[in-house]
Amino acid sequence: MSGMPGLRVAATDLAALCSGAPCLLVLGDPEGLDPDLPGIAVWHAAPADAGDPAALCLHRPGATPGAETVPLPGLPAGLLGILAADPDRAAPLLAAWGDPAALPVIAGGSGALPALARLLAERLAERTAEAARLQDAMVRLREEGEETRAAMAALLGATGHDAAPAPTLALATAPSATARAVAGPEGLVLAQRVGCSLEGVAAVAVHVAAVPPADAAAALTVRLVGAESGRVRGAWSVPAAALAQGWLVLDLPSPLGPVRETAVLEVLAEPTPDGAFALSLEEAEAPPERCAALSAGTAAPGRALALRLWTAPFGRRFVLSPWWDWEAQDLPPATPQRLPEPAWAGARAVAGRGAGV
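Every chain is numbered independently, its residues counted from 1 as its sequence is written. Side-chain atom pairs in this predicted model are given and counted only at pLDDT of 80 or more, local residue features only at pLDDT of at least 70, and totals for whole chains, interfaces and linings cover all residues. Only hydrogens and water are removed before side-chain values are computed, so all heavy atoms of the structure are retained for them.

When helices and strands are tallied, the chain shows 4 helices and 19 strands. When a residue's accessible area, from a 1.4 Å probe over protein chains only, is under 20% of the maximum for its type it is buried; when over 50% it is exposed; and in between it is partly exposed. In the chain, which comprises 357 residues, the share counted as buried stands at 39%. Throughout, a residue-residue contact means that at least one pair of heavy atoms, one from each residue, lies within 4.5 Å. For the chain, contacts bridging at least 24 residues in sequence account for 78% of all contacts bridging at least 6. Areas reported as accessible are Shrake-Rupley estimates using a 1.4 Å probe. Residue values count occlusion only from the protein chains shown. When the accessible area of the chain is evaluated, it comes to approximately 18600 Å², of which 58% is carbon and sulfur surface. The secondary structure listing takes helices from DSSP runs of H or I that are at least 4 residues long and strands from runs of E that are at least 2 residues long, numbered from the N terminus.

In space, the 5 strands of this open sheet follow the order 13-12-15-10-17, with antiparallel pairing throughout. Looking at the sheet topology across the chains shown, the edges are occupied by strand 13 (232-239) and strand 17 (293-296). Shown here is a sheet whose adjacent strand axes are inclined to one another by a mean of 15 degrees, direction ignored. Here, any two strands with at least 2 DSSP bridges between them count as paired. The sheet contact formed by strand 10 (residues 188-197) and strand 15 (residues 262-269) spans 7 bridges and is antiparallel. From the neighbouring strand, Gln192 faces strand 15, where its bridge partner is Leu265. Here, axes are lines fitted to C-alpha atoms. For helices the fit covers the stretch in contact, and angles between N-to-C directions go from 0 to 180 degrees.

Another point: the environment of Thr221. Relative to the helices and strands, Thr221 is located in strand 12 (residues 219-226). Residues Thr221 and Ala269, spaced 48 residues apart in sequence, show a C-alpha to C-alpha distance of 6.2 Å. Those residues within four positions of Thr221 in sequence are excluded, and the remaining contacts are Trp236, Ser237, Glu266, Val267 and Leu268.

Here we take up the pattern of salt bridges. A pair is scored as a salt bridge if a Lys or Arg side-chain nitrogen falls within 4 Å of a carboxyl oxygen belonging to Asp or Glu. For the coordinates displayed, the defined rule picks out 6 salt bridges. For the salt bridge of Glu261 with Arg233, the shortest nitrogen-to-oxygen distance reads 3.5 Å. Separated by 28 residues along the polypeptide, Glu261 in the loop between strand 14 (246-251) and strand 15 and Arg233 in strand 13 bring together distant segments of the chain. A salt bridge links Arg290 to Glu282; the shortest N-O distance between them is 2.7 Å. Just as Arg290 is buried, Glu282 falls in that class too.

Now for the side chain of Arg231. Here Arg231 shows up in the loop between strand 12 and strand 13. For Arg231, a relative accessible area of 6% puts it in the buried group.

Among the buried residues, those of types Ala, Val, Leu, Ile, Met, Phe, Trp, Tyr and Cys that are joined through side-chain atoms within 4.5 Å form a nonpolar core. Core analysis: the largest hydrophobic core is formed by 34 residues, its most contacted members being Leu220, Leu265 and Phe277. The residues touching Leu265, leaving out its near neighbours within four places in the chain, are Leu190, Ala191, Gln192, Val194, Val204, Val206, Val222, Arg223, Leu224 and Leu307. Counting 18 residues, the second largest nonpolar core, distinct from the first, contains Ala45, Leu72, Leu75 and Ala84.

Alignment of strand 9 (residues 175-182) against strand 16 (residues 278-282), held across 4 bridges, turns out to be antiparallel. Bridge pairing links Arg180 to Ser280 in strand 16.

Take unusual backbone geometry next. Unusually for a residue other than glycine, Trp323 sits at a positive phi of about 65 degrees. Mapped onto the elements, Trp323 comes out in the loop between strand 19 (307-311) and helix 4 (341-345). By relative accessible area, Trp323 is classed as partly exposed at 32%.

In this section: the packing of aromatic side chains. When the centres of two rings from Phe, Tyr and Trp lie within 6.5 Å, Trp using its six-membered ring, the rings pair. Their planes under 30 degrees apart give stacked, over 60 give edge-to-face, and anything left gives tilted. Applying the stated rule across the entire model yields 2 aromatic pairs. On the basis of an interplanar angle of 80 degrees and a centroid distance of 5.3 Å, the ring pair of Trp236 and Trp324 is categorised as edge-to-face. A residue pair is termed long-range when its members are at least 10 positions apart, and Trp236 in strand 13 and Trp324 in the loop between strand 19 and helix 4 qualify at 88 residues. Comparing Trp236 with Trp324, the two get one shared label, buried. On the basis of an interplanar angle of 75 degrees and a centroid distance of 5.7 Å, the ring pair of Trp324 and Trp326 is categorised as edge-to-face. Taking relative accessible area as the criterion, Trp324 reaches 14% and is therefore assigned buried.

In structure tokens:
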């Protein structure tokens, strides 16, 4: 069994060490600090091989290292740092692990308590943020479960009935002949409230006033977002070659379910020659809460994008949506996990959103 170089642990203690609970690794006998800390497991390191100073066996305080030991398969997920009477003793161990900066090393003595307090505060902030991410992921998972249940109920209720009704035009604003949102040297980036909720949305449309050359590498990205949660409910990436003047209709694969959030439309166009790409604004002035908020590009003040929006019964319409971007959907965050080096060596790189992980 291969594992972390230089570290062994009794087979009976392996489960407790790798349980994920916060723990400290103590090397030697640090003066001026009692490592018996509430809520933090302390593991001492005793020499496992007299001929190898970096070979250590981990054991609980007051216990004697057992004869039956196994290599530690990886860094314990809850390991906060190393407390050492002599920090130099930790250097060979960290070097053997392949990353000298993998864990903070705290020198024993009068300065150990402040350093340990700072370390615990940092770890508490990290764990709090991680707990918030996991809570958000759980909420989203429950939302998706409810959406799936409602979709199945709607689909079963429609079985054997007439064909699904056509989408209903729920919102339509007239495009202006002159007022435009124009992409500049930094492109076009804007967001605006649509003026309705996300529930039942089946398709949206923006009015293209000017298109870039067909051979341009630019693309138009449109996202439908819930204002309250910030979750991306729909996303499309339209290449320049597919753009044409007039209404650009963007279908969702299926209408949104009972999502009682305010709809927000986000538009991002890549840089093009000045004036080569533009979207039409409404003919009439819009109330302040519906005006387009620009981060890049130019637009007439006091106006909103010209839009059309269709709704349909949930679970009754399924289409193949051109330019639908599955990877841009708001996915639950991944749970961080420390893995031993052999596991990383055998991992395969993935394409898409996971490529930077």
